[in-house]
Amino acid sequence: MKILANDGMDKNAVAYFEKQGIPVNLEHYDKETLKIEGPKYDIIIVRSKTKVTKDVIDALKQGRTKLIIRAGVGLDNIDLPYCAECGISVRNTPNSSKHSVAELVLGQMLNMARYINRADYSMKEGQWKKKELKGFEIRNKTLGIIGYGRIGKCLAEKAKALGMEVLCYDPFCHQDANAKKIELEDLFRRSDFVSVHTPSLSTPIITEETLKLMEGGYLINYSRGNAVDEEALIQALRDGVIAGAALDVFRNEPNVNQEFFTMDNVTLTPHIGAATEEAQQNIGQEIIEVIEDYTRTLQEVAG
Ligand code: NAD
């Protein structure tokens, strides 16, 4: 068995496979090279950088590739229906990064409430904006979570521990001890912070209309860029319809709409929700489990 980790992999997982006599190639191939080199590997591991499109899958199905693993959660960079049609299995590592994403969201709520980044850069520009940087406590404020899955639930637990009231909206999940389930429109109206944690969506959930319902609130999007109508958000931030936003994901990464760079009331991070030592180690461990599970299933089918 041969593995290609086209967007890299945690060193402990690499060492584990090499100890088992399974070579791991850590080279990154661009799309055209991947079409030539990829089919030589049984398993291909990608993060979000590699786009596994129809033409790539057409090349892979001619060779040895039988499994693609997305090291992370979102599978939107892989053409899943076409992989299924071509007999290539796809798996992800959904359990590894929830604490890292949830902690960063909490960090952004505190940052927006207390202007931490604005205070920092204005001081470095020689200013002393003590009066303008009066913030508020997040304790007793309301957090509305859209998409109450792994990350949403993890965030709710942490926010509740900090004394926040937590609401959630998710058509497929129940409320629990940490969050009260309500209708989407009510969530927008009642929340001081709205944080989106849905899978990739075909139509944005944050639009001109929903931003108006959030009047004076803060938006956080650490899910996928297509959850947000970016033009509507820019307008809402400009007109002061909402107080601020924190974004980690964008419609066209890494080419972020330049308008965001001109605004004080938006805080940007370059898709680093899962960029921690711990999340990457957990992802490596989950990849090992996925591959062991996959090979066990193959042996059972064969034997
Ligand atoms: P999950 O599948 O565990 O949870 C998603 C939840 O959204 C599910 O409970 C589902 O029922 C719900 N949902 C689906 N459609 C919905 C809708 N229209 N409205 C409301 N809820 C809806 O996923 P997760 O692991 O919690 O990940 C959530 C998101 O975070 C994904 O988009 C993932 O790609 C993204 N993510 C981003 C980073 C990052 O670096 N920023 C890291 C990890 C995951």
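The structure displayed is predicted, hence computed values, not measured ones.

1. Looking at the sheet that holds strand β3 (residues 43–46)
Moving on, step 1. Judged by pairing direction, the sheet is parallel, and its five strands sit side by side in the order β2-β1-β3-β4-β5 without closing on themselves. Across the chains shown, the open sheet's two edge strands, defined by having one partner strand only, are β2 (24–25) and β5 (89–92).
Moving on, step 2. Examined bridge by bridge, β3 and strand β4 (residues 67–70) share four bridges and lie parallel to one another. From the neighbouring strand, Ile 44 faces β4, where its bridge partner is Ile 68.
Moving on, step 3. Against the sheet, helix α11 (residues 277–302) engages β1 (3–5), β3, β4 and β5, with an angle of about 150° to β5.

2. Re the packing of aromatic side chains
Moving on, step 1. By the definition in use, this model includes five aromatic pairs.
Moving on, step 2. Measuring from centroid to centroid gives 5.6 Å for Tyr 16 and Phe 17, while their planes differ by 80°, and the two rings are edge-to-face.
Moving on, step 3. Note on Tyr 16: relative accessible area 26%, which makes it partly exposed.
Moving on, step 4. Pairwise contacts between aromatic rings join Phe 136, Phe 193 and Tyr 218 into one cluster.
Moving on, step 5. Positioned over the ring face of Tyr 41 is Lys 2, at 4.9 Å from the centre of the ring.
Moving on, step 6. A cation sits over an aromatic face here: Lys 54 above Tyr 82, 5.3 Å from the ring centre.

3. Quick notes on the sheet that holds strand β6 (residues 142–146)
Moving on, step 1. Ordered by their spatial adjacency, seven strands build an open sheet running β8-β7-β6-β9-β10-β11-β12, and the pairing between neighbours is parallel. Single-partner strands in this sheet number two, and they are β8 (180–181) and β12 (266–268).
Moving on, step 2. Against the sheet, helix α7 (residues 150–161) contacts β6, β7 (165–169) and β9 (193–196), and its axis sits at roughly 170° relative to β6.
Moving on, step 3. Strands in contact with helix α10 (residues 230–238) are β10 (218–221), β11 (244–247) and β12; relative to β11, the strand with the most contacts, it is inclined by about 140°.

Calculation notes
Residues numbered from 1 in each chain as written. Predicted model: local features only at pLDDT ≥ 70, side-chain atom pairs only at ≥ 80, totals over all residues. Heavy atoms only, no water. Pairing = 2+ DSSP bridges. Helix = DSSP H or I, 4+ residues; strand = E, 2+ residues; numbered from the N terminus. Contact = heavy atoms within 4.5 Å. Axes fitted to C-alpha atoms, helices over the stretch in contact; angles between N-to-C directions. Phe/Tyr/Trp six-rings, centres within 6.5 Å; stacked < 30°, edge-to-face > 60°. Buried < 20%, exposed > 50% of the residue type's maximum accessible area, 1.4 Å probe, protein only. Lys NZ or Arg CZ within 6 Å of the ring centre and 35° of its normal.

From the geometry alone we can't say anything about function, so treat these as descriptive.
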